[in-house]
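In case you want the letters, here they are:
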Amino acid sequence: MFKKYQPVFLFLLILFSEQGFSQNYDNDKLPSSFHAARRQELRTKMEANSVAVIFANPVRNRSNDVDFQYSQDPNFYYLTGLTEPDAVLLIFKETQKFDSVSTQELIYIQPRNIAAESWTGKRLGVEGVKKELGFGTVLTNVQFSDIKLDFTKFSKVYHSKLWEDVRNGKDDEGDLYSLIKIFNEKSEGAKKTKASFDFQTIMAELREIKTAEEMKVLKKAITISCDAHLDLMRCLDQEMSEYQAQALVEFGFKFNGSEYPGYPTIAGAGENTCILHYISNRKKFVNKDLIVCDAGAEYHGYTADITRTLPVSGKFTDDQKKIYSIVLNAQNAGIKACKKGNNFRDPHNEAVEVIKKGLIELGIINSPNDFMKYFFHGTSHYLGLDVHDPGSYGRLKPGQVITVEPGIYIPEGSPCDKKWWNIGIRIEDDILITEGEPDVLSGKLPKTIEEIEKMMNEPCFLKKN
Ligand code: GLY
Ligand code: MN
Ligand code: MN
């Protein structure tokens with residue numbers, strides 16, 4: 001039956017791709033020149049006589065014939081812009097000569113397939129990867145087995161993670177499993193020069209400094225996230241469940257163009273405020289609880305990471321205010337330390353000092369080091385394509401984006417007055433390190449007690465007030 005319609009499908013596909021339908025889609029993606037420049041930067045950092053072999057992320061099965069939505073490996077995306085699976089990129093330090101071409105890079109990608117595309121969407125194919133992603137030498141993944149490359153001649157063979165559990169099907173000769181198997185076979189004699197750790201180190205050095213193009217996309221993710229958190233503040237009420245709080249922020253993400261949350265949304269109320277990465281979000285009645293909402297939108301690969309803690313009733317109790325003020329002061333002290341040249345740990349150390357002092361003053365701890373009972377995570381991490389982005393964890397440098405997210409969590413049963421039990425508070429913002437003062441990219445989102453209570457009084461778009 002399909003064969004009969006094949007010419008029609010082909011005609012429509014050609015028509016669609018030729019007639020500029022793409023103008024109806026995202027036109028603010030990172031340009032191919034960005035990815036090419038990143039490949040060049042990687043090449044510059046590679047040692048003499050070396051090659052880097054980078055694989056796309058595996059497709060992961062959810063159940064039966066349904067896969068999880070595909071998410072590209074961040075390093076692969078950074079270097080190519082390709083969001084399709086079953087691909088491998090080779091970058092050479094020095095130009096290599098193959099039969100008819102001399103090149104510094106090769107990419108093997110999944111081929112066009114009209115039948116598959118009518119189920120799962122358009123593929124770029126060889127021509128698309130040349131035209132849209134700017135690669136000169138593009139081959140299909142099934143051609144990788146023909147590569148005439150002696151890996152033993154290189155002094156170093158950098159490579160990305162070699163997954164071992166990614167078989168699509170035993171007849172699929174172009175799946176990631178096959179690509180990795182071929183690489184392993186072809187580089188069998190180069191075991192001593194294979195370097196996965198060194199590859200990760202270079203990529204961390206590249207990715208920790210954001211270019212102007214990346215900042216545009218990341219700022220968009222952060223703006224969308226702030227607006228969604230604002231709607232949550234306006235709409236949250238005592239009748240709601242944790243999952244409805246989650247729905248509210250994620251509605252804002254999707255409605256404003258984010259592809260999906262950059263990590264599973266944390267919407268933990270009451271006792272769940274004290275679970276750092278609580279994601280089930282099934283508590284039904286949140287009444288007078290506090291709720292910790294840690295949620296960030298992903299936009300074209302880049303994710304925000306923002307937390308606000310809200311009183312569901314719209315008003316903090318006096319005891320909640322006391323803990324909240326310590327966390328806020330700790331966060332402000334941490335942000336102040338986000339300065340070029342400081343150590344990566346300085347914001348954490350500043351935040352810790354404020355929390356120690358505050359908990360002692362309230363009689364919650366007696367000895368300064370007991371603060372670790374109630375604040376048991378780091379204050380900062382890099383942010384970018386990954387919510388926990390790679391970086392060198394050395395000195396802070398302009399162009400780095402990090403979070404500042406201290407918290408205090410006092411679960412039931414803690415050795416302190418019962419009135420503090422089930423108070424969990426985290427405040428998290430995204431900070432750009434500059435030549436001067438820290439730039440709080442998520443700064444438009446209220447965080448003082450007064451600002452939050454005021455915002456929670458504003459009308460919600462869901463209701464006619
Ligand atoms: N949202 C995860 C984190 O804050 O690190
Ligand atoms: Mn974070
Ligand atoms: Mn977070």
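Please refer to the structure placed before this passage.
All values reported here derive from a predicted model rather than from experimental measurement. (Residues numbered from 1 in each chain as written. Chains lettered and ligands numbered in written order. Predicted model: local features only at pLDDT ≥ 70, side-chain atom pairs only at ≥ 80, totals over all residues. Heavy atoms only, no water.)

Looking at this model, I keep getting lost on the coordination of the manganese ion (ligand 3). Mind explaining?
Each angle at a metal carrying four tetrahedral donors should ideally be 109.5 degrees, and each at a metal carrying six octahedral donors should ideally be 90 or 180 degrees. With distances of 2.1 to 2.3 Å, the protein atoms coordinating the manganese ion (ligand 3) are D294 (OD), D294 (OD), D305 (OD) and E428 (OE). Coordination at the manganese ion (ligand 3) comes from 6 donor atoms whose angles at the metal span 57 to 171°, giving a geometry best classed as irregular. (Donors = N, O, S within 2.8 Å, 3.2 Å for Na, K, Ca; no water. Tetrahedral: all angles 85-135°; square planar, octahedral: opposite > 155°, others 65-115°.)

Which parts of the structure should I look at to understand the coordination of the manganese ion (ligand 2)?
Protein coordination at the manganese ion (ligand 2): the donors are D305 (OD), H381 (NE2), E405 (OE) and E428 (OE), at 2.0 to 2.1 Å from the metal. Coordination at the manganese ion (ligand 2) is irregular: its 6 donor atoms span angles of 51 to 155° at the metal. For the manganese ion (ligand 2), the donor residues sit on a single chain with the sequence spacing D-x75-H-x23-E-x22-E. Between the manganese ion (ligand 2) and the manganese ion (ligand 3) the interatomic distance comes to 3.3 Å, and D305 is a ligand of both metals. Remark: E428 occurs in the loop between strand 17 (423–426) and strand 18 (429–432) and E405 occurs in the loop between strand 15 (401–404) and strand 16 (407–410); sequence separation between them is 23 residues. Residue classification places E428 among the buried positions, given a relative accessible area of 0%. (Helix = DSSP H or I, 4+ residues; strand = E, 2+ residues; numbered from the N terminus. Buried < 20%, exposed > 50% of the residue type's maximum accessible area, 1.4 Å probe, protein only.)

Help me out: how do you make sense of unusual backbone geometry in this one?
The general pattern is negative phi for most residues beyond glycine and trans for most peptide bonds. Phi angles above zero are rare outside glycine, and N281 is one such case at about 55°. Mapped onto the fold, N281 is located in the loop between strand 10 (266–269) and strand 11 (290–295). Taking the relative accessible area as the measure of exposure, N281 reaches 0% and is therefore buried. At N422, a residue that is not glycine, the phi angle is positive and equals roughly 65°. Within the secondary structure, N422 sits in the loop between strand 16 and strand 17.

When you look at the state of the cysteines in this model, what are you seeing that I'm missing?
By definition, a disulfide links the sulfur atoms of two cysteine residues through a covalent bond. Taken as a whole and assessed by the stated rule, the structure comprises 1 disulfide. Put simply, C235 and C460 are joined by a disulfide, and their sulfur atoms are 2.1 Å apart. Between C235 and C460 the sulfur-sulfur dihedral comes to about 90°; the bridge is accordingly right-handed. Highlighted residues: C235 in helix 8 (residues 212–235) and C460 in the segment after helix 12 (449–455), separated in sequence by 225 residues. (Disulfide = S-S within 2.5 Å.)

What exactly am I supposed to notice about the layout of surface pockets here?
Picture a little ball the size of a water molecule; that probe, rolled over the atoms, points out where space is still empty. Taken as a whole, the second largest pocket encloses approximately 290 Å³ of empty space. The wall of the second largest pocket is formed by 19 residues, among which I266, H277, D294, H388 and E405 lie closest to the centre. Its residues assigned to classes, the lining of the second largest pocket shows 7 nonpolar, 7 polar and 5 charged. (1 Å grid on protein atoms, 1.4 Å probe; cavity = no way out; pocket = protein on both sides within 12 Å on 5 of 7 lines; lining within 4 Å. Points joined across faces, edges and corners; volume = space filled by probe spheres on them. Nonpolar A, V, L, I, M, F, W, Y, C, P; charged D, E, K, R; others polar.)

I tried to follow the site of ligand 1 on my own but got confused; where do I start?
As a matter of local geometry, ligand 1 sits amid Y263, H277, D294, D305, H381, H388, E405 and E428. Here H381 contributes a side-chain N or O atom positioned 3.1 Å from an oxygen atom of ligand 1. For ligand 1, an oxygen atom lies 2.6 Å from a polar atom in the side chain of H388. Burial of ligand 1 by the surrounding chains reaches 93%, relative to a free accessible area of 200 Å². Cavity membership is defined here by more than half of the atoms lying within 2 Å of grid points; on that basis ligand 1 lies in the second largest pocket. Broken down by class, the residue content of the shell around ligand 1 amounts to 1 nonpolar, 3 polar and 4 charged. (Near = heavy atom within 4 Å. Polar contact = N/O pair within 3.5 Å; in protein donor to acceptor, adjacent residues only side chain to side chain. Areas by Shrake-Rupley, 256 points an atom, 1.4 Å probe, with all protein chains shown as cover. Sits in = over half its atoms within 2 Å of the grid points.)

Which parts of the structure should I look at to understand the pattern of salt bridges?
Opposite charge on two side chains allows them to pair when their charged atoms are near. This model, assessed by the stated rule, comprises 29 salt bridges. The salt bridge partner of D294 is R426, with a shortest N-O separation of 3.1 Å. Taken together, the residues span a long stretch of sequence, with D294 in strand 11 and R426 in strand 17 at a distance of 132 residues. D294 gets classed as buried once you look at its relative accessible area, which sits at 4%. Of the residues examined, R426 reaches a relative accessible area of 2% and is grouped as buried. For the salt bridge of D429 with K447, the shortest nitrogen-to-oxygen distance reads 2.9 Å. Separated by 18 residues along the polypeptide, D429 in strand 18 and K447 in the loop between strand 19 (439–440) and helix 12 bring together distant segments of the chain. Exposure remark for K447: the relative accessible area of 14% places this residue in the buried category. (Salt bridge = Lys/Arg side-chain N within 4 Å of Asp/Glu carboxyl O.)

Where do I start with the packing of aromatic side chains in this structure?
Aromatic ring pairs are defined here through the distance separating the ring centres and the angle between the ring planes. Taken as a whole and judged by the stated rule, the model has 15 aromatic pairs. Consider the rings of Y108 and F144, whose centres lie 4.9 Å apart with planes at 65°: the pair is edge-to-face. Here Y108 is found in strand 5 (residues 102–109), whereas its partner F144 is found in the loop between strand 6 (138–140) and strand 7 (156–159), with 36 residues between them in sequence. Just as Y108 is buried, F144 falls in that class too. Arranged with centres 6.4 Å apart and planes meeting at 55°, the rings of F371 and F375 form a pair that is tilted. Residue F371 shares its accessibility class with F375, and that shared class is buried. Each residue in the set F55, F92, F98, F151, F154 and F183 is aromatic and connected to the rest through ring pairs, giving one cluster. When the ring centre of F135 is taken as origin, the NZ or CZ atom of R39, which lies over that ring, is 3.9 Å away. (Phe/Tyr/Trp six-rings, centres within 6.5 Å; stacked < 30°, edge-to-face > 60°. Lys NZ or Arg CZ within 6 Å of the ring centre and 35° of its normal.)

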